Amino acid sequence: MGTFSRFVVALVLLVVILGGIFGYKFYQIGQMQAQFSKPQPLTVVDATEVGTVTWQPAIKSVGSTRAINGIEVANELPGVVEKLMFESGQRVKAGDELIRLDSAIDEASLTTRRAEANLAQKEYRRNADLISKRAVSQSAVDEAQAAMETAKARVQEAEAQLGKKVLKAPFDGVLGLRLVDLGEYLPAGTPVVEINMLDPILVQYTLSERELANVDIGDPVEVTVAAMPGETFSGTVSAINSSVTAESRTVQLRAEIPNTDQRLKPGMFATIQTLAEDERAVVAIPNTAIAFNTYGNFAYVLAEDDKGQLVTERRTIKTGNMRDGMTEVTEGLKVGERVVSTGLLRLRAGQPVQIKQAQPEAETANAGAQ
């Protein structure tokens, strides 16, 4: 076979191979076009009907819990810890002794002051007896009386000084962690232990000055804390500050919450709902039916097109209070309209959808048995 013949054969083989490749690609493209030309399956969504619920008007705010009485017990006088009479976390009564500092020098000083007072009293009595016999002058009696009263005052001063060597609980409460050790030298003002009165407990929070006319002492409040999600604590407004903070235009409030089990601790982050007295009907939908963003909140309303097919309509709405997984809608929706309740991220305006049908109870039971 000559060179020309081999060239022709190679060319034919190349044409056959390239033709096969291009033919396969055209086949794939045709399949893809056929696939795209098929009607797309409808997106299945959960829907809910817009309705009204009865709510008690509430003003929402955040704050923190604090004890009615809560301090760090500290020593007024320096000294060495001689005796510890409490344990961390212990419940104490007002007047219970917590810590005793070394008081040997103070006790000796008190003994000296008492002896001086005893001598001064005897001197005064002696002069008082002699004044009737005109053996001493009135000025000598006055000086003896002043010396006696001064000596008694020094005794009281020494007793008070000695008493400050014993630290006592100032009120009923629960102790925190012990911060000192036996034999430790404590300069004046050293924190020894924290003590808090936990029942009842206070919740301190702020409201805008615009809400000041809507709250009053005695209004009920509902409090939730991050440490116990899903649990609500009830109480009442116990105090409203007498002035508004000029920088933020807010007013501080305190609410009192019963805390018999003492699960609420000072310093917890709290969400507070200050309730009004009268209830009102509001239009509300589930929180999951609302898309929240900086450009305005919206919901997908379900409506029928010209062909009777359900499609989504993106509707801008205005929202109000939130409670129990529901959000109040003040503008944008009407009672009786249907909105998509879940899966908003995969939807767009004008998209055909199908409402998910609830499975009958009998079928559900049979499926569970199988």
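You'll find the structure just up there.
(A) Representation of the overall build of the protein. A tally of helices and strands in the protein yields 4 helices and 21 strands. For the protein, whose C-alpha radius of gyration is 42 Å, the value lies well above the compact-globule estimate of 21 Å for 370 residues. Dimensions of the protein, computed from C-alpha atoms along their principal axes, come out at roughly 160 × 75 × 55 Å. Of all 370 residues assigned to the protein, the portion counted as buried reaches 30%. Taking the contacts inside the protein whose residues are at least 6 apart along the sequence as the reference set, 73% of them involve residues at least 24 apart. One finds the centroid of the 38 positive side-chain charges in the protein at a distance of 5 Å from the centroid of its 46 negative side-chain charges.

(B) How the structure looks around the pairing of strand β19 (residues 326-331). Summarising the sheet, strand β16 (residues 280-286) and β19 pair through 3 bridges and their orientation is antiparallel. Paired with Pro 286 across the bridge in β19 is Met 326. Pairing geometry for strand β18 (residues 310-323) and β19, over 4 bridges, is antiparallel. Along β19, the bridge assignment pairs Arg 323 with Met 326. Taking the residues between adjacent antiparallel strands as the criterion, β18 and β19 are bridged by 2 residues, where Asp 324 takes a positive phi near 55°.

(C) Representation of the sheet that holds strand β7 (residues 97-101) within the structure. Ordered in space as β8-β7-β5-β10, the 4 strands form an open sheet in which the pairing is antiparallel. Only two strands of the sheet have a single partner each, and these edge strands are β8 (166-168) and β10 (185-186). Both strand β5 (residues 79-84) and β10 contribute to a ladder of 2 bridges, which runs antiparallel. Across the sheet, Gly 79 pairs through a bridge with Leu 186, a residue of β10.

(D) Here's a closer look at helix α3 (residues 138-163). Taking 1.5 Å of rise per residue, 26 residues should cover 38 Å, and α3 covers 38 Å from first to last C-alpha, within 8% of that figure. Residues of α3 that are buried: Val 141, Ala 144, Met 148, Ala 151, Val 155 and Ala 158.

(E) Highlighting the pattern of salt bridges. With the rule as written, the count across this model stands at 10 salt bridges. Two residues, Glu 159 and Arg 114, come together in a salt bridge whose shortest N-O distance is 3.2 Å. Of this pair, Glu 159 sits in helix α3 while Arg 114 sits in helix α2 (residues 104-131), and the two are 45 residues apart along the sequence. Owing to a relative accessible area of 37%, Glu 159 belongs among the partly exposed residues under this scheme. By sharing partners, the salt bridges in this structure join Glu 231, Asp 261 and Arg 263 into a single network.

(F) Focus on the pairing of β18. Judged from the 8 bridges that link them, strand β17 (residues 297-304) and β18 form a sheet pairing that is antiparallel. Residue pairing across strands places Val 301 opposite Glu 313, the latter belonging to β18. Counting the residues in the hairpin turn of β17 and β18 gives 5 residues, including Gly 308, whose phi is positive at 85°.

(G) Seen up close, the nonpolar core. The biggest cluster of nonpolar side chains holds 20 residues, and the ones touching the most others in it are Tyr 205, Val 221, Val 223, Ile 257 and Leu 264. Ignoring any residue separated from it by four or fewer positions in sequence, one finds Val 221 in contact with Tyr 205, Phe 233, Ser 234, Gly 235, Thr 236, Val 237, Ala 255, Ile 257, Ile 272, Gln 273 and Thr 274. Of all hydrophobic cores here, the second largest spans 16 residues; its members include Val 73, Val 92, Ile 99 and Ala 169.

(H) Just the environment of Thr 232, in detail. Inspection of the secondary structure assignment puts Thr 232 in the loop between β12 (220-225) and β13 (233-240). In this structure, the C-alpha to C-alpha distance between Thr 232 and Glu 222, residues 10 residues apart in sequence, is 6.2 Å. If we skip the residues at most four places from it in the chain, Thr 232 touches Glu 222, Val 223 and Thr 224.

(I) Here's a closer look at the environment of Leu 77. Looking at where Leu 77 falls in the secondary structure, it is placed in the loop between β4 (58-74) and β5. With relative accessibility at 16%, the residue Leu 77 sits in the buried group. Placed 89 residues apart in sequence, Leu 77 and Val 166 show a C-alpha to C-alpha distance of 10.0 Å. If we skip the residues at most four places from it in the chain, Leu 77 touches Leu 101, Gln 161, Lys 164, Lys 165, Leu 186 and Ala 188.

(J) The environment of Val 335, seen in detail. Mapping Val 335 onto the fold places it in the loop between β19 and β20 (338-340). Val 335 sits 12 residues away from Arg 323 along the chain, and the two C-alpha atoms are 19 Å apart. Ignoring anything within four residues of it in the chain, the contact list for Val 335 reads Val 50, Gly 51, Thr 52 and Val 283.

(K) Looking closely at unusual backbone geometry. Here the amide bond leading from Asp 199 into Pro 200 is cis, since omega sits at -5°, within 30 degrees of zero. Looking at the element boundaries, Pro 200 is found in strand β11 (residues 191-208). Notably, Arg 249 is not glycine yet its phi reads approximately 55°, a positive angle. With respect to the helices and strands, the residue Arg 249 is situated in the loop between β13 and β14 (250-257). Even without a glycine there, the phi angle at Gln 262 is positive, about 55°. Tracing the backbone shows Gln 262 in the loop between β14 and β15 (269-275). Residue classification places Gln 262 among the buried residues on the basis of a relative accessible area of 15%.

Definitions and cut-offs
Residues numbered from 1 in each chain as written. Predicted model: local features only at pLDDT ≥ 70, side-chain atom pairs only at ≥ 80, totals over all residues. Heavy atoms only, no water. Helix = DSSP H or I, 4+ residues; strand = E, 2+ residues; numbered from the N terminus. Rg over C-alpha atoms; globule rule 2.2 N^0.38 Å. Buried < 20%, exposed > 50% of the residue type's maximum accessible area, 1.4 Å probe, protein only. Contact = heavy atoms within 4.5 Å. Lys, Arg positive; Asp, Glu negative; His and termini not counted. Charge placed at Lys NZ, Arg CZ, Asp CG, Glu CD. Pairing = 2+ DSSP bridges. Expected span 1.5 Å × (residues − 1). Salt bridge = Lys/Arg side-chain N within 4 Å of Asp/Glu carboxyl O. Core = buried A, V, L, I, M, F, W, Y, C linked by side-chain atoms within 4.5 Å.

By themselves, these figures tell us nothing about what the structure is for.
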